Amino acid sequence: MTPSPQSPGLFNWILLLGLGVIWGAAFMSVAVALEGFGPLTVAALRVTLGAAGLWAIALVMGQPLRTIPANGRFHVIYVGVAATALPFMLLSWGITHVPSAFAGIAMGALPILMVPLVWWFSPEEGIGPRRIMGLIVGFVGLVILMGPGAVTEGGPLATWGRIACLAASFCYAFGSIVTRRAPKMPPVAFGAGTLVAAAVVLVPLALYFEGWPKAWPLTPMLAVLYAALLPTALASVIRVRIITTAGSLFMSLVNYMVPVWAAIFGVVLLSEALPPQLYTALALILAGIAIAQSRQIGEMFRR
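The residue count restarts for each chain, going from 1 along the sequence in the order it is written. Thresholds applied to this predicted model are a pLDDT of at least 70 for local features of residues and 80 or more for the giving and counting of side-chain atom pairs; totals over whole chains, interfaces and linings are not thresholded and use all residues. Note that water and hydrogens are dropped before the side-chain values are worked out from all heavy atoms of the structure.

Visitor: Would you explain the overall build of the protein in this entry?
Guide: Looking only at helices and strands, one finds 13 helices and 0 strands in the protein. Under the DSSP-based scheme used, a helix requires at least four consecutive residues in state H or I and a strand at least two consecutive residues in state E, with every element numbered from the N terminus. Order of helices (α) and strands (β) in the protein, N terminus to C terminus: α-α-α-α-α-α-α-α-α-α-α-α-α. Among the 303 residues that make up the protein, the fraction classed as buried is 51%. Note on contacts: a residue pair is in contact if any heavy atoms of the two residues lie within 4.5 Å. Taking the contacts inside the protein whose residues are at least 6 apart along the sequence as the reference set, 90% of them involve residues at least 24 apart. To be clear on the numbers: accessible area is Shrake-Rupley with a 1.4 Å probe, and residue cover counts the displayed protein chains and nothing else. When the accessible area of the protein is evaluated, it comes to approximately 13,800 Å², of which 72% is carbon and sulfur surface. Exposure categories follow from relative accessible area, calculated using a 1.4 Å probe and restricted to protein chains: below 20% of the type maximum is buried, above 50% is exposed, and the middle band is partly exposed.

Visitor: Please explain helix H12 (residues 276-292) as it appears in this structure.
Guide: Along an α-helix, a turn takes 3.6 residues, which lines up residues three or four apart on a common side. Compared with an ideal rise of 1.5 Å per residue, which puts 17 residues at 24 Å, H12 spans 25 Å between its outermost C-alpha atoms and is within 8% of the ideal. Where H12 is concerned, the buried positions are Leu-278, Ala-281, Leu-282, Ile-285, Leu-286, Gly-288, Ile-289 and Ala-292. For H12, the angular spread of the buried residues around the axis is 155 degrees, confining them to a single face. Helix span is expected to be 1.5 Å times the residue number reduced by one. This arc describes the spread of directions from the helix axis toward the C-beta atoms.

Visitor: Just to check I follow, could you spell out the packing of helix H1 (residues 10-33) against helix H11 (residues 254-268) for this structure?
Guide: Between two packed helices, what matters for the description is the angle formed by their axes and the separation of those axes. Between H1 and H11, the least distance of the axes is 7 Å, while the angle of their chain directions is 45 degrees. One element, H1, and the other, H11, form an angle in the oblique class. Relative to H11, H1 is oriented so that their crossing is right-handed. Only Val-254, Met-257, Val-258, Trp-261, Ala-262 and Phe-265 of H11 make contact with H1, whose side of the interface consists of Leu-16, Leu-17, Leu-19, Gly-20, Val-21, Trp-23, Gly-24, Ala-25, Phe-27 and Met-28. Looking at the contact of H1 with H11 residue by residue, the classes come out as 14 nonpolar, 2 polar and no charged. Orientation is described by axes fitted as lines to C-alpha atoms, over the contacting stretch for helices, and by angles from 0 to 180 degrees between their N-to-C directions. An angle below 35 degrees is treated as roughly parallel, one above 145 as roughly antiparallel, one from 65 to 115 as roughly perpendicular, and anything else as oblique. In a left-handed crossing the near helix is turned counterclockwise from the far helix by less than a right angle, and in a right-handed crossing that turn is clockwise. Under the grouping applied here, Gly and all other residues not named as nonpolar or charged are polar, the nonpolar ones being Ala, Val, Leu, Ile, Met, Phe, Trp, Tyr, Cys and Pro and the charged ones Asp, Glu, Lys and Arg.

Visitor: Can you help me understand the packing of aromatic side chains in this one?
Guide: In this analysis, rings of Phe, Tyr and Trp, with Trp reduced to its six-membered ring, are considered paired at centre separations within 6.5 Å, and the interplanar angle assigns stacked below 30 degrees, edge-to-face beyond 60, and tilted for intermediate values. Scanning the entire structure with this criterion turns up 5 aromatic pairs. For the ring pair Trp-261 and Phe-265, a centre distance of 5.5 Å and an interplane angle of 25 degrees mean the geometry is stacked. In this pair, Trp-261 and Phe-265 are both assigned in helix H11, 4 residues apart and thus about one turn of the helix distant. Judged by its relative accessible area of 15%, Phe-265 falls in the buried class. An aromatic cluster of at least three residues, connected via ring pairs, comprises Phe-37, Trp-212 and Trp-216. Taking the ring centre of Phe-88 as reference, the NZ or CZ of Arg-46 above it sits at 3.9 Å. To sit over a ring, a charge needs its Lys NZ or Arg CZ within 6 Å of the ring centre and within 35 degrees of the ring normal.

Visitor: Is there a simple way to think about helix H3 (residues 73-95) in this case?
Guide: Taking 1.5 Å per residue as the helical rise, H3 with its 23 residues ought to reach 33 Å, and the 31 Å between its terminal C-alpha atoms agrees with that figure. The angle separating two fitted axes, one through the seven residues that finish at a residue and one through the seven that start at it, defines the bend at that residue. Of all the bends in H3, the largest measures some 30 degrees and sits at Gly-80.

Visitor: Honestly, the environment of Ala-164 in this entry has me stumped. Any pointers?
Guide: Tracing the backbone through its elements, the reader meets Ala-164 in helix H7 (residues 158-180). The sequence separation of Ala-164 and Gly-94 amounts to 70 residues, and the corresponding C-alpha distance is 5.4 Å. Discounting chain neighbours no more than four positions away, the residues touching Ala-164 are Leu-90, Trp-93 and Gly-94.

Visitor: Would you take a moment to explain the side chain of Ser-100 for this structure?
Guide: Within the secondary structure layout, Ser-100 lies in helix H4 (residues 100-108). Setting aside anything within four residues of it in sequence, one finds Ser-100 in contact with Phe-27, Met-28, Ala-31, Ile-95, Gly-266, Leu-270 and Glu-272.

Visitor: Just checking my understanding: could you explain the nonpolar core for this structure?
Guide: In this description, a nonpolar core means a group of buried Ala, Val, Leu, Ile, Met, Phe, Trp, Tyr and Cys residues linked to one another through side-chain atoms lying within 4.5 Å. Ranked by size, the top nonpolar core spans 52 residues in total, and within it Phe-27, Leu-145 and Ile-242 carry the most contacts. Element by element, the count of residues in this core is highest for H1, at 9 residues. Val-47, Leu-54, Phe-88 and Ala-192 belong to the second-largest nonpolar core, a separate cluster that totals 17 residues.

Visitor: Would you mind showing me how to read the packing of H3 against helix H8 (residues 187-209) here?
Guide: Following both chains from N to C, one finds H3 and H8 inclined at 55 degrees, their axes separated by 7 Å at the closest point. With respect to their mutual orientation, H3 and H8 come out oblique. Handedness of the H3/H8 crossing: right-handed. For the pair H3 and H8, the contacting residues are His-75, Val-76, Ile-77, Val-79, Gly-80, Val-81, Thr-84, Ala-85 and Met-89 in the first and Phe-190, Gly-193, Thr-194, Leu-195, Ala-197, Ala-198, Val-201, Leu-202 and Leu-205 in the second.

Visitor: Even after reading the chapter, I still don't get unusual backbone geometry, so can you show me in this structure?
Guide: Trans peptide bonds make up the majority, and among non-glycine residues the majority have a negative phi. In this structure, Ser-271 is a non-glycine residue whose phi angle is positive, near 55 degrees. The residue Ser-271 is located in the loop between H11 and H12 in this model.

Visitor: It is not clear to me how a nonpolar patch on the surface should be interpreted in this structure. Could you clarify?
Guide: Patches in this entry comprise residues that are over 30% relatively accessible and not in a salt bridge; like charges within 9 Å are linked, as are nonpolar side chains (Val, Leu, Ile, Met, Phe, Trp, Tyr) within 5 Å. Salt bridge, as applied in this entry: a Lys or Arg side-chain nitrogen positioned within 4 Å of an Asp or Glu carboxyl oxygen. Taken together, the side chains of Val-260, Trp-261, Ile-264, Val-268 and Leu-269 make up a nonpolar region of the molecular surface, amounting to roughly 420 Å² of accessible area. As for its placement among the helices and strands, Val-260 is situated in helix H11.

Visitor: What's the story with the environment of Leu-91 in this structure? I'm lost.
Guide: The residue Leu-91 is located in helix H3 in this model. Excluding anything up to four places from it in sequence, Leu-91 contacts Phe-27, Ala-103, Met-107, Cys-165, Ala-168 and Tyr-172.

Interpretation in functional terms is not warranted from these geometric data alone.
Below is the structure:
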């Protein structure tokens, strides 16, 4: 049976679960990479290697960069700079001062942050009572997430680390709006173009402020390769496959998985200490997402 939004099929469920794990582990991999490289270098390596990998995938799929139309280049550059380079830089710096699990939970708030942005920039989508209620519940979770005692480590810059992680989530939210309004273009070429634009910005910054790495320790380098090739390059292809065959509503279910996996990896594999209020914040953010998306997801499962 051909997969569809009404019947996603087993393979799309497997891809969705895998995508949740891949994206959830990205924050842990950045934390490990930071043990050997500076935050700007980690961000630059991630986008550069990711660009190379996704560019190769784009060529194989017949979507080279030249297939990006002229009226779409602004969108590619904007998403590459403001919604890729900037949040990667903010996340890398933020994770030097807060647990990686915190960053994953902050990213999980993306659908909540999208609600007011959709209301302002894309009113045709409609903001009903469910989305407003979900926004309120999720906002309470964000307040708890950003409040005093939300992390048990990080030193005097922990507050700024929390702000950096949440600001990265805002960058992704704005990037989603710009992506939605972009003219039609090959999706893998779009993704490769954004990573190229991000690399053009981040590589000079990393070389200027942190210089060429004096050493290339194995474990941090493997972590960088993971962050570049799986959550950045391969995940883009998986995301396109899921959306084109099972729909964007089905794809939105990954928002429930990423922060949970980020917390699991941070606690189990990195032995990060998370206070109880962080779990409360996670529960409220997920509840807010569930309320905001309840109608759409309910319709998907009833079909």
